[in-house]
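Coordinate inspection notes
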Amino acid sequence: MHEVHIAVVGAGPVGLALALHAARVLPAARITVFDARAATHDVAADPRTLALSLGSVQFLQRLVDWTPPQAIAEVQVSQQPPSFGDAEVHIRAAELGVPLLGAVATYGEVVAPLQRGWEAAVAAEPRRLRLRLGTAVQAVKPMAGGVELDADIAECFDLAVVAEGGVFAGQVRKAVVHDYRQTAWVGTLALDGLPQGVAFERFTREGPLALLPRADGRASLVWCVPSDDDPVRPLAARQRLALLAERLPAAAGRPREITPLKDFALGLNAERTLVDGRSVRIGNAAQTLHPVAGQGLNLGLRDAHELVAALRHAADVDSALARVEWARSPDRWATIATTDFLARSFTWQLPGLGLARGLGLAALQQITPARHWLARRMMFGSR
C-alpha cells in the first residue's frame, strides 16, 4: 500500500496495540495516536481487571516485552444451586496442549508497557509516528478521500480508527442496543483455599458470578445481579462475604475479605457495521458486551489485528476497509450473539431452565471434542 496517514483515536489497549502493530507491518504509514488523558497521568496505577485470552496474550507479546502477571491454567464452570447432580465443566490448558488458557492483568499492567513501547517507537521515528496525549478528538468528519479530525485544530487523515470505548452507561447509543437491567459489582476478594491459576464462572439465579485469579493470591470478583432487585447494594461487607460463601463453589475456597465494590450498568451497545466511509470503529467503540464470557477486550484486539492485516495486503484503503468489514463479521457477530444469549438467559423465568443448564454443563464435560472446540473459540475467536 502507498503511504497512508492513519489517526488512532484512543490510547487504550486496543488503540495502542493497533498503532504498534501497524507501525511495524506498514512501514510507509504515518500514524498519530490521540487520547484525552494527560501526558502526566500515571496509567500504570489503573487497577481495573482485564481478562485476556491466549490469543490476546500472544498478540501483546509480539508487540512489547511483556509477561502476563497471572496465567489462567484452568477454568471451572458450574451453577448454583446445582441441578442434575453437581454438573461442572473443567477446561485445562494442559489437556489442550497450550501453556495457558489466558491471563489476568490490571488495565495499567497492560496499557503502561504498550504506551512505553509506542513512546519508544515515536522517539525512533518522529517524522512518521506521533503521540498526542492531552488532546481530545471532538469530531471525525468525512471528506473526499479521507477524514477531518477536530482535535484543537482541524487535521486531515486518510483513515481514522476510533478505539475509544467507555462503559455502557456513558456511551452514545449505537444501532444495536439492549439494556440487560443488570448491575456488575466488581472488586477484589481474598479466599482461604483459593487454588492458584484457576478461574471460576458460577451461574446463579441472579446472574453470572466470576472469580479471576490475581498475582497477589487474591481474586478479582465480577458479580452480576438484577438492577431492579439488587441483593448486593444494601449489604455491608460482612453480609456480602456471607452471601458469596453461599453462591461460590467449594473448590474456590472460603471468602475471607472483600474490598469496597464498584457497580456498573450492563448492556449491549453495538454498531451494525465497523466501517463508515474512511472511519472504522474497533473494540468498545464498535461493540460493548456483557462480561459473562469475558470477551470484550479480546474481540477488540482481534479487530485491531485484522484491520492491520487488511491494510497490509490490500491495494488501497477502501479495499482494505471492505475486506475488514466482511472478514470480521463472523467472529464479531458470533461473539455478540453468544454473549447476548447468555446474558438474556438470566432474565428468563422459565420452569426447568436450571435443569436444562445443568444438563448442558454435564454434556459439555463429557463430550471432549465439544469442550475443546469451545475452549479454542474462547482462546482465539472464530478463525
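Residues numbered from 1 in each chain as written. Predicted model: local features only at pLDDT ≥ 70, side-chain atom pairs only at ≥ 80, totals over all residues. Heavy atoms only, no water.

Per an unreviewed UniProt entry, the protein carries the name 2-octaprenyl-6-methoxyphenyl hydroxylase and comes from Rubrivivax benzoatilyticus.

Next up on the list: the overall build of the protein. When you go through the protein residue by residue, the secondary structure sums to nine helices and 21 strands. Computed over its C-alpha atoms, the radius of gyration of the protein comes to 21 Å, within 12% of the 21 Å expected for a compact globule of 383 residues. In the protein, of all internal contacts separated by at least 6 residues, the share reaching a separation of at least 24 is 74%. Here the protein carries 40 positive and 38 negative side-chain charges, and the mean point of each set is 2 Å from the other. (Helix = DSSP H or I, 4+ residues; strand = E, 2+ residues; numbered from the N terminus. Rg over C-alpha atoms; globule rule 2.2 N^0.38 Å. Contact = heavy atoms within 4.5 Å. Lys, Arg positive; Asp, Glu negative; His and termini not counted. Charge placed at Lys NZ, Arg CZ, Asp CG, Glu CD.)

Attention shifts here to unusual backbone geometry. Not every positive phi belongs to a glycine, and Asp152 is a case in point at roughly 75°. Its location among the elements puts Asp152 in the loop between strand E10 (146-151) and strand E11 (153-157). Owing to a relative accessible area of 64%, Asp152 belongs among the exposed residues under this scheme. Residues other than glycine seldom take positive phi values, yet Arg181 does so here, at roughly 50°. (Buried < 20%, exposed > 50% of the residue type's maximum accessible area, 1.4 Å probe, protein only.)

Moving on: the nonpolar core. Of all hydrophobic cores here, the largest spans 79 residues; its most connected members are Ile6, Ile31, Trp118, Val280, Ile282 and Leu307. Apart from residues lying up to four places away in sequence, Val280 is in contact with Leu159, Ala160, Val161, Val162, Leu274, Val275, Leu307 and Leu321. Formed by 20 residues, the second largest nonpolar core is a distinct cluster that contains Leu189, Val198, Trp223 and Val225. (Core = buried A, V, L, I, M, F, W, Y, C linked by side-chain atoms within 4.5 Å.)

Looking now at the environment of Pro99. One can find Pro99 in the loop between helix H3 (93-96) and strand E7 (102-106). Look at Pro99 and you get exposed, because its relative accessible area is 69%. Put simply, Pro99 and Gln295 are 196 residues apart on the chain and 20 Å apart in space, counted from C-alpha to C-alpha.

What follows concerns the sheet that holds E10. Reading across the sheet, the three strands line up as E9-E10-E11 and stay open at both edges, with antiparallel pairing between neighbours. Among the strands making up the open sheet, the edge pair consists of strand E9 (139-143) and E11. Going across the sheet, the axis of each strand differs from the next one's by a mean of 25°, ignoring polarity. Bridging between E9 and E10 involves five bridges; their strand directions are antiparallel. The residue of E10 that forms the bridge with Val140 is Leu149. (Pairing = 2+ DSSP bridges. Axes fitted to C-alpha atoms, helices over the stretch in contact; angles between N-to-C directions.)

On to the UniProt feature "domain: FAD-binding" (unreviewed entry) in the protein, then. Here the UniProt-annotated "domain: FAD-binding" (unreviewed entry) positions come out as residues 197-314. Secondary structure content for residues 197-314 is 25% helix and 35% strand, and the end C-alpha separation is 41 Å. (UniProt positions renumbered as here; feature names shortened; annotations may be inferred.)

To continue, consider the packing of aromatic side chains. On inspection of all chains with the given rule, the structure shows one aromatic pair. In this structure, Arg332 packs its charged tip against the face of Trp333, placed 5.0 Å from the ring centre. (Phe/Tyr/Trp six-rings, centres within 6.5 Å; stacked < 30°, edge-to-face > 60°. Lys NZ or Arg CZ within 6 Å of the ring centre and 35° of its normal.)

Next up on the list: the sheet that holds strand E4 (residues 70-72). Overall, antiparallel pairing links the three strands, which are arranged E3-E7-E4 in an open sheet. Each edge of the open sheet carries a strand with a single partner, namely strand E3 (49-53) and E4. Neighbour to neighbour, the strand axes of the sheet diverge by 30° on average, direction disregarded. Sheet topology note: the E3/E7 ladder contains five bridges and is antiparallel. Looking across to E7, one finds that Ser53 is bridged to Gly102. Packed onto the sheet, helix H2 (residues 54-63) meets E3 and E7 and runs at close to 95° relative to E3.

All of the buried residues in helix H5 (residues 237-247) are Arg240, Leu241, Leu243, Leu244, Ala245 and Arg247. Tucked inside the fold, the buried residues of H5 contact strand E13 (176-192), strand E14 (198-203), strand E15 (208-213), strand E16 (219-226) and strand E17 (254-258).

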